[in-house]
Amino acid sequence: MVYSRTETTLRTLANVYGCLIYDDTLTTPVADQGVCFNYFGGANSVTAGTLTVVCEGRSSRTRAEFGVDFNVKPYGQHAIATRLSTERPHGQTAWQWFAKGEILAFLPLGGPQGNSVAVVWSVPHERVPDLLAASPEDFALMLENASHHTLGRLTLQGERASWPLQLARAARWVGPGWALAGDAAHTVHPLSGQGLNLGLADVAALSQVLQAREDWRSPGDLKLLRRYERARQADVIYNGLAT
């Protein structure tokens, strides 16, 4: 089997530190026994995890296998994302422009003197086909106009990706031996700029709960994990209402 350089490095480190590398085959979770995964090493190489934290993003397959509903409220917009090079350095400044119900965001890359930005453009559904079909030059010109030429001439440096924007929350965030975190548990509008922060806050809250657990509790104990769920849901709901 041929692996990428990154995967080869990860496999080497995993071997050094005695970690298991899992494939994407999840066995049915069993109450009070954690979650079992197949791992690389043969068809019968199966291990049970005391606690599995699922961070697969908004389309999480594992969440679906757990039978957790993902309650979705569409925003009526699509996000178009790409990468640009800019004529002027961005000065490590993030920019947003609001016009006619659309939101354009430039996120700086490459340090204070960098000339590269990540772009997220939130637009109505009906605008998406024309924007994706536009030539790279025409699309860059549209972005120059929408950004009021703040960073000068723009050049497209990557493919355009698009997806529907939605406010979504999982009906349950935890179960015996597992917990959801990040976009697998919740998504918000990129306008807030809080998607990553919310995910990092999930990690911090779960870490605090695990560090404070009673010695006799397993890390996968459902009552323990519900402390994490309660701690985070209020913050996520608040952010959802704000967008």
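Calculation criteria
- Residues numbered from 1 in each chain as written.
- Predicted model: local features only at pLDDT ≥ 70, side-chain atom pairs only at ≥ 80, totals over all residues.
- Heavy atoms only, no water.
- Helix = DSSP H or I, 4+ residues; strand = E, 2+ residues; numbered from the N terminus.
- Buried < 20%, exposed > 50% of the residue type's maximum accessible area, 1.4 Å probe, protein only.
- Contact = heavy atoms within 4.5 Å.
- Areas by Shrake-Rupley, 256 points an atom, 1.4 Å probe, with all protein chains shown as cover.
- Patch = residues over 30% accessible without salt bridge, like charges linked within 9 Å, V, L, I, M, F, W, Y side chains within 5 Å.
- Salt bridge = Lys/Arg side-chain N within 4 Å of Asp/Glu carboxyl O.
- Lys, Arg positive; Asp, Glu negative; His and termini not counted.
- Charge placed at Lys NZ, Arg CZ, Asp CG, Glu CD.
- Arc of directions from axis to C-beta.
- Pairing = 2+ DSSP bridges.
- Phe/Tyr/Trp six-rings, centres within 6.5 Å; stacked < 30°, edge-to-face > 60°.

Asks: Just give me the short version of the overall build of the protein chain, but keep the residues and values in it.
Replies: Of regular secondary structure, the protein chain possesses 6 helices and 13 strands. Looking at the protein chain as a whole, 37% of its 243 residues qualify as buried. In the protein chain, 62% of the contacts between residues at least 6 apart in sequence involve partners at least 24 apart. Taken as a whole, the protein chain presents about 13800 Å² of accessible surface, with 54% of it coming from carbon and sulfur.

Asks: Residue-level account of a positive patch on the surface, with values.
Replies: On the surface, a cluster of positive charge is made up of Arg-172, Lys-223, Arg-226 and Arg-230. Here Arg-226 is to be found in helix 6 (residues 222-242). For Arg-226, a relative accessible area of 40% gives the class partly exposed.

Asks: For helix 4 (residues 136-146), give the residues involved together with the corresponding values.
Replies: Within helix 4 the residues assigned to the buried category are Phe-139, Ala-140, Leu-143 and Glu-144. Across the axial projection of helix 4, the buried residues extend over an arc of 145°, all falling on one side. Residues of helix 4 that are buried make contact with strand 5 (70-86), strand 7 (102-109), strand 8 (116-124), helix 3 (128-133) and strand 9 (154-156).

Asks: Can you tell me about the pattern of salt bridges, naming the residues and giving the values?
Replies: Summed over all chains, the structure comprises 6 salt bridges. Of the charged contacts in the structure, one is a salt bridge between Arg-61 and Glu-65, with a shortest N-O distance of 3.4 Å. Of this pair, Arg-61 and Glu-65 are both found in helix 2 (residues 61-65), 4 residues apart, which corresponds to roughly one turn of the helix. Here Arg-61 falls in the partly exposed class, since its relative accessible area comes to 46%. Given a relative accessible area of 38%, Glu-65 falls into the partly exposed group. The shortest N-O distance in the salt bridge between Arg-217 and Asp-221 comes to 2.7 Å. Assessed through its relative accessible area of 13%, Arg-217 is described here as buried. Relative accessible area serves as the criterion here: at 23%, Asp-221 is assigned to the partly exposed category. One network of salt bridges, in which partners are shared, links Glu-214, Arg-217, Asp-221 and Arg-227.

Asks: Quick rundown of the pairing of strand 8? Include the residues and the values.
Replies: Most of strand 8 is tucked away: 7 of the 9 residues are buried. Where strand 5 lies against strand 8, 9 bridges are found, and the strand directions are antiparallel. Bridged to Thr-82 within strand 8 is Val-119. With antiparallel pairing between neighbouring strands as the criterion, strand 7 and strand 8 make up a hairpin whose turn holds 6 residues, including Gly-110 at a positive phi of roughly 85°.

Asks: Before we move on, can you summarise the packing of aromatic side chains with the specific residues and values?
Replies: Both the distance between ring centres and the angle between the ring planes are used here to describe each pair of aromatic rings. What the rule picks out here adds up to 5 aromatic pairs. On the basis of an interplanar angle of 20° and a centroid distance of 4.4 Å, the ring pair of Phe-66 and Trp-178 is categorised as stacked. A residue pair is termed long-range when its members are at least 10 positions apart, and Phe-66 in the loop between helix 2 and strand 5 and Trp-178 in strand 12 (residues 178-180) qualify at 112 residues. A relative accessible area of 9% places Phe-66 in the buried class. For the pair Trp-95 and Trp-97, a centre-to-centre distance of 5.9 Å together with 5° between the ring planes defines the contact as stacked. Using a relative accessible area of 29% as the deciding quantity, one classes Trp-95 as partly exposed. Here a set of aromatic residues connected by ring pairs shows up, and it is made of Trp-95, Trp-97 and Phe-106.

Asks: How would you summarise the sheet that holds strand 11 (residues 174-175) if you had to cite specific residues and measurements?
Replies: Strand order across the open sheet formed by 3 strands is 4-12-11, with mixed pairing between neighbours. Two strands close off the open sheet at either side, each with one partner strand: strand 4 (52-54) and strand 11. Here 3 bridges tie strand 4 to strand 12, and the two strands are oriented parallel to one another. Residue pairing for strand 12: Val-54 is matched across the bridge by Leu-180.

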